[in-house]
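Observations on the three-dimensional arrangement
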Amino acid sequence: RYYYKDDSVHLSFRELLILNNIYQNEGNYFSRTAINEKCWESENFIDDNTLAVNMTRLRKKLQSIDIVDFIETKKNVGYKV
């Protein structure tokens, strides 16, 4: 579970890994390749769309507890908080 103020949301294992890795790189962009390597242990074993789908789910879950526009995306660079 991810807790925010007086609310919480259930995140999958991968969603938690993604969020944790972006947090650890706070203030800097974390590349798609780096996320794939950290969260799936190899960029070769997942489809290019897998990360995008997980990011969409993660953002929707965060929005459900009023965390909006928390994860910033920069095309061809990566994600940051």
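Residues numbered from 1 in each chain as written. Predicted model: local features only at pLDDT ≥ 70, side-chain atom pairs only at ≥ 80, totals over all residues. Heavy atoms only, no water.

Digging into helix α1 (residues 13-24)
An ideal rise of 1.5 Å per residue puts 16 Å on twelve residues; α1 measures up with 16 Å between its terminal C-alpha atoms. Among all positions of α1, only Glu15, Leu17, Ile18, Leu19, Asn21 and Ile22 are buried. (Helix = DSSP H or I, 4+ residues; strand = E, 2+ residues; numbered from the N terminus. Expected span 1.5 Å × (residues − 1). Buried < 20%, exposed > 50% of the residue type's maximum accessible area, 1.4 Å probe, protein only.)

Quick word on the pattern of salt bridges
As enumerated under the stated definition, the model contains one salt bridge in all. The partner of Lys61 in a salt bridge is Glu15, with the nearest N and O atoms 2.8 Å apart. Placement of the pair is Lys61 in helix α3 (residues 48-63) and Glu15 in helix α1, with a sequence separation of 46 residues. (Salt bridge = Lys/Arg side-chain N within 4 Å of Asp/Glu carboxyl O.)

A look at the environment of Ala52
Examined against the element boundaries, Ala52 turns out to sit in helix α3. Given a relative accessible area of 27%, Ala52 falls into the partly exposed group. Taking the C-alpha atoms as reference, Ala52 lies 9.3 Å from Arg32; in sequence the two are 20 residues apart.

As for the confidence of the model for the chain
Low pLDDT means the predicted coordinates in that region are not meant to be read closely. Per-residue confidence for the chain averages 88 on the pLDDT scale, and 93% of its residues sit at or above 70. Across the chain, the element-wise mean pLDDT spans from 85 in helix α2 (residues 32-40) up to 93 in strand β2 (residues 7-9). (pLDDT = per-residue confidence, 0-100.)

Quick notes on the packing of α1 against α2
As a packed pair, α1 and α2 sit with axes 10 Å apart at the nearest point and diverge in direction by 130°. With respect to each other, α1 and α2 are oriented oblique. Crossing geometry of α1 relative to α2 is assigned as right-handed. Contacts between α1 and α2 involve Arg14, Leu17, Ile18, Asn21 and Ile22 from the first element and Ile35, Lys38, Cys39 and Trp40 from the second. Counted by class, the contact of α1 with α2 contains six nonpolar, one polar and two charged residues. (Axes fitted to C-alpha atoms, helices over the stretch in contact; angles between N-to-C directions. Parallel < 35°, antiparallel > 145°, perpendicular 65-115°, else oblique. Left-handed = near helix turned anticlockwise from the far one by under 90°. Contact = heavy atoms within 4.5 Å. Nonpolar A, V, L, I, M, F, W, Y, C, P; charged D, E, K, R; others polar.)

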